[in-house]
Structures are given as C-alpha cells and as structure tokens.
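# Inside the fold
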Amino acid sequence: MSVRSIRLILGDQLNINHSWFEKGDDGIIYVMAEQRSETDYTLHHAQKLIAVLSAMRRFAADLEARGHRLRYFRLGDADNPQNFPDTLATVVQEHKPARFEWQTPDEYRLQRIIAQAAEGFEREEGMEVREWGSEHFIAKAADFDPLMKNGKPPTMERFYRAMRGKTGILMSDGGPLGGRWNYDADNRSPLDDQADIIPPLRHPRDETALWDEIKAAGVRFFGNPNASAIAWPADRSQALEVLEHFLEHRLVDFGRYQDAMATGEPFLAHGLISFALNVKLISPMEVVEAAARRWERHAAVDPRLLASLEGFIRQVMGWREYMRQVYRVSMPGYERNNALSAKRNLPDWYWSGETDLNCLSQSIGQSLEHAYAHHIQRLMVTGNFAMLAGIDPDQVDQWDLGVYIDAFQWVEITNTRGMSQYADGGMVATKPYAASARYINRMSDYCKSCRFNPNKRHGGDACPFNSLYWHFLHRNRDVLGGNHRLAMPYKTWDRFGESERRAIIEYADDFLASL
Ligand code: FAD
Ligand code: SF4
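Calculation notes
Residues numbered from 1 in each chain as written. Chains lettered and ligands numbered in written order. Predicted model: local features only at pLDDT ≥ 70, side-chain atom pairs only at ≥ 80, totals over all residues. Heavy atoms only, no water. Helix = DSSP H or I, 4+ residues; strand = E, 2+ residues; numbered from the N terminus. Rg over C-alpha atoms; globule rule 2.2 N^0.38 Å. Areas by Shrake-Rupley, 256 points an atom, 1.4 Å probe, with all protein chains shown as cover. Lys, Arg positive; Asp, Glu negative; His and termini not counted. Charge placed at Lys NZ, Arg CZ, Asp CG, Glu CD. Phe/Tyr/Trp six-rings, centres within 6.5 Å; stacked < 30°, edge-to-face > 60°. Buried < 20%, exposed > 50% of the residue type's maximum accessible area, 1.4 Å probe, protein only. Salt bridge = Lys/Arg side-chain N within 4 Å of Asp/Glu carboxyl O. Near = heavy atom within 4 Å. Polar contact = N/O pair within 3.5 Å; in protein donor to acceptor, adjacent residues only side chain to side chain. Nonpolar A, V, L, I, M, F, W, Y, C, P; charged D, E, K, R; others polar. Core = buried A, V, L, I, M, F, W, Y, C linked by side-chain atoms within 4.5 Å. Contact = heavy atoms within 4.5 Å.

With that out of the way, let us pick up the overall build of the chain. Looking only at helices and strands, the chain has 20 helices and nine strands in total. Against the compact-globule benchmark of 24 Å for 515 residues, the chain has a radius of gyration of 24 Å, which places it among compact chains. Dimensions of the chain, computed from C-alpha atoms along their principal axes, come out at roughly 80 × 55 × 50 Å. Carbon and sulfur atoms provide 48% of the accessible area of the chain, an area that totals close to 21100 Å². Here the chain contributes 61 positive and 70 negative side-chain charges, whose respective centroids are spaced 5 Å apart.

The following block contains the structure:
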C-alpha cells in the first residue's frame, strides 16, 4: 500500500484521543522515535528516561492494535539516526509520501527543529506539510492574548478567573461557587495529628529490560532508576486509575495539606498526575471536569471540600494553563532571563543530597529517590535556597529539568525562572518567593532534626536560610527595593541596628564562601 502521509508523534504527545486517530487509514504511517537528541539534551533522572520510553512503547503497541501503521525507532536500533530531522528524512526516503504532518510541539526547541525539517521537505521534496494542534490544552491564545498589557502577561489570578468564566467550572449564577474565587488562605496547614491521608495508587512494574537497553545505549543519567518497581503510569488506563483514586480518596486532603512538608512523606495528598498530563496520557479538561463532576455539589455545602477542589482546579486549569501561555508568548527570550544577575555555581550536593541543611537533604534526597518533590519543596526549599544563594538560573533550570518526572521545558522553565528564581523580573510572580527558616519550620518537621537553629540569624548554629534571606534582600535592593510587596521586610531590615546587619551579612558571606 503506498503511503500518502507520514505523521510524527513525539514522546510527550501520547494523546490517543487526538483527532488523528479517529479512524484507521492505511495511507498514513505514524512515526515514533526514541532519540539520543532527546535523552541527551539535558542530564535526566533515570526514572524519567524509563517512564517516557516505556509510555511511548505502550502507546505504539496500542496504536498498532487499533490498526494504525507505525514506524518505530528504538534507542538501540542500528538504523536509528538519533535525531528528528534525519529520522524523518529516513522515513521519507523509505516511503516517498506526498505529505508530512506533525502536532505543534510543546517545547520551543522541538518546534524549531520540526518546523525546519518540514520546510526542507516542502522545498526539496515538493511535499505538502501540515502542522496540527496538539488538542491538549484548555486555553487558546485567544483566551490569553487579550488579557496582556504592553506585552506583559496578566496575573495568574486574572487569567484563572477568566478561564473559570469561560468553562463554567466551579461557577454558580455567574459568580464563583461558594462566593470566593480563591481558597489559598485555607490551604496552608502543616501536617497535623488530624491527618489521615490515604496513600496514592501506584503501578509498580518491572522495567529492567528497558533500563538495560537504555544503559547499553550509553545514555547518561542520575538518580535511582528503581527499574524493577518503577511506579509512574505507563499508559492511559493506569493514568486514569491514579486520577480516579486521587479524586475519590485523596482530593479531600489536597487543599489543607497542599503546602505541608514532612519527613518520609514524599507524596502527602498530591495528585501525582503531572507525568501523565505532560505526556498527554490524560487531558487537563478531563481532569478538571472529573473533579468538578464528582465534588461540585458536595463542595457547595462543605467548605473544606470546596477549598480542596478549588485549590486543585486552580493548579490544573490555572497555573498549568497559565505557564503554557507565558511560555508561548515569551520564548525564546525567556531562557536568557536573569533579572537578579545570579551567577554562583549550583552546589555539588544538589546531585547527591549530601548536605547538613536537613530541609535540602530531605527534598533533594526524595527527588533523587522518586524523581518527584511536590510544589512547595521545589519552590520553598530547593528553589528558595538557590535564589537566596544567587545560583545561576541556567544551572537551576538544568537541575529542575533533569530531576523531575514531569519536567518538560515549557512548564519547568516558567516555574523555575519565573516563579521560583524571579529571573524574569516579575512576569510570573509579583514578588520573589523568598523565605527564611521561619516558613520552612512552620510548614515542615525538617528543622526538628536539623543541626541548624531556625530561630537564629547568625553565629554558631544559626540556620543559613535566615542570613541568606536578608543577604538576598540587601544585595538586590536596586532591583527589588521599589516592590511595594517587599516594603515590610525592607523596613524590618532597616530597623536592625548596624552591627546586627553586619553580623548577618558576614555570616551569610562565610556560608556562601563555603558552598
Ligand atoms: P499536584 O500538587 O497534585 O497538582 C495537580 C496538578 O496541577 C499537577 O499535576 C500539575 O499538572 C498542575 N500544577 C500544579 N502546580 C503547577 C504549576 N506551578 N505549574 C504548572 N502546573 C502545575 N510541573 C510540571 O509539570 N513540570 C515541571 O517541570 C515543573 N517544574 C517545577 C519547578 C519548580 C521550581 C516549581 C516550583 C514547580 C514546578 N512544577 C512543575 C509545578 C508543580 O510542582 C508540579 O506540577 C507538581 O508538583 C506535580 O505533582 P502532582 O501531580 O502531584 O501535583
Ligand atoms: Fe532547613 Fe534551616 Fe530548618 Fe535546617 S534549620 S531544616 S537548614 S530551615
């Protein structure tokens, strides 16, 4: 059968509900390829490598079972060119199709590579080319662009309210269900005695054979592969089971303990759905609709449930969609943002977890073990420390992009440079998420077993977060001094006596010199 068209499916485009797959067509060949260009563009956590390739292989098997024609390149195949332009050229030579089709890649890097390959096919082979939408995100450019002012994105809150209005999710009589748009203030409890969180549903499976293939190919990695019991969802049905279990048993605790951190509790009441969402095994709209369908009526009469439900929907339909749009309108320049001119090297212990700052040791150790840390660990521990210490955002990006199971540049960089490092100068966050030990001590049990004292600013065993916090504000006063949301801390700093300020700065300088 001659081939009319080849269609590329990237490793994070495993969306079986895409309109491409509505009916079979023998004139179309789908192309999927495990590529060294993708395994090697940054240093990845071993579980991320396994999880993506294993989900790709299951998706490929599903496609074939549904009768679609597929050309699949495995990592170790001798004829695998290991990059997309050459892989696509190989398939074009094999089949001489009239047309090349692809779905808009989420990542700018891939968008450029694939678009250039398409231009080449059009120019040199006289092929017709067509780019399709990925049919994944809830928000369109038309939902976001009109909210921008002078090229600046709206606040997340403004965008989120507009999305609530547009979708009708958590709305009642034209206003927010329960009368409030935002329940963040109700969602800030540390883990307490009342907590009785049901553990997450996971799908441990043996991927040793795949892991051996990855290692045999010579791919560099870090972190614990856990290949004999890797537990991230491998296909849509597992992803739906995780979602279902979370909604039924764990969402009720999501809001209250959303910001809590606890030793030996890597997952708490978080959804663990980001990997499945980002490779598109499930869609954000189905997640949000499933949550609302199940709980909206009950939430209308149960404030705790409403706070949880709203908090969860805010993450998926608010933050996730918002970051997608910020990335779209601000790349490629966003990659170069370094508003605070941070240039210190990332400490080596980010790659080992071996530090006596217990909150960092716990959060990094857990990330190396599970390829996962929840939002507050990423923001207020590893991210906060990096910002306070003035670490080069390129290096923070590389770490965040490599270590997390869900890290793809569009959602990693906006969170890292924007939300956590303030490297975009306030595009995503209205003020830096900078915090001293007081916050970490309030929201976690980490300080209890730390050799540092969270209540001291300098001297002896004073917690470095405290002096670094003031050092950060002091050294960045030129950039941050005019931010009215920082007026209080600057006032406090100015009220410290001269010798107190000097002692704080000296303690922080000594600590920074030891990194
Ligand atoms: P839950 O806490 O259960 O939240 C539910 C879902 O909401 C998540 O699965 C995710 O899809 C979405 N969500 C929540 N917060 C955000 C956010 N700020 N931005 C976008 N989506 C959000 N998320 C990624 O998917 N990939 C990344 O590479 C990534 N890097 C991050 C880096 C830093 C420095 C920070 C502070 C956050 C980052 N996040 C990233 C956001 C967030 O930490 C993860 O989405 C979340 O921890 C995933 O775990 P979960 O599924 O259990 O999430
Ligand atoms: Fe982290 Fe400081 Fe608390 Fe130790 S005392 S766990 S370093 S915040």
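Moving on from the model shown.
Right, let's talk about the packing of aromatic side chains for a bit. Per the stated rule, a full pass over the model turns up 29 aromatic pairs. Between F100 and F121 the ring centres are 5.5 Å apart and the planes differ by 75°, which places this aromatic pair in the edge-to-face class. Taken as a pair, F100 in strand β5 (residues 99-103) and F121 in helix α4 (residues 108-125) lie far apart in primary sequence, 21 residues in all. Owing to a relative accessible area of 0%, F100 belongs among the buried residues under this scheme. Between W349 and Y350, the aromatic rings sit 5.3 Å apart at their centres with planes inclined by 20°, giving stacked as the arrangement. Both residues of the pair, W349 and Y350, count as buried. An aromatic cluster is built from W349, Y350, F385, W399, Y404, F465 and F511, whose rings are joined through pairwise contacts.

Turning to the pattern of salt bridges, a few remarks are in order. Inspection of the entire model under this criterion finds 39 salt bridges. Put simply, D235 and R58 hold a salt bridge, and the shortest N to O gap is 3.1 Å. Residue D235 is found in the loop between β9 (221-222) and α8 (236-254), and its partner R58 is found in helix α2 (residues 46-65); the two are separated by 177 residues along the sequence. The residue K166 makes a salt bridge to D143 at a minimum N-O spacing of 2.9 Å. Taken together, the positions of K166 in helix α6 (residues 156-167) and D143 in helix α5 (residues 141-144) put the pair 23 residues apart, joining distant regions of the chain. Taking relative accessible area as the criterion, D143 reaches 18% and is therefore assigned buried.

Close to ligand 1 lie 29 residues; H270, G271, L272, N278 and Y372 are nearest. N278 places a side-chain nitrogen or oxygen 2.8 Å from an oxygen atom of ligand 1. Within the side chain of H375, one N or O atom sits 3.2 Å away from an oxygen atom of ligand 1. For ligand 1, the accessible surface in isolation is 820 Å², of which the surrounding protein chains cover 99%. Mapped onto the shell around ligand 1, the elements with two or more residues apiece are α9 (274-278), α11 (303-330), α13 (375-389) and α15 (409-420). At six residues, the largest contribution of residues to the shell around ligand 1 is made by α11. Class assignment for the residues of the shell around ligand 1 results in 14 nonpolar, 10 polar and five charged.

Attention now moves to the nonpolar core. Counting residues in hydrophobic clusters, the biggest one holds 146 residues, and the most contacted among them are M32, F312, L360, F385 and F465. Per-element accounting of this core gives the leading share, 13 residues, to α11. Residues within four places of F465 in sequence aside, it is in contact with L357, C359, L360, M380, V381, N384, F385, L388, A435, S436, A437 and I440.

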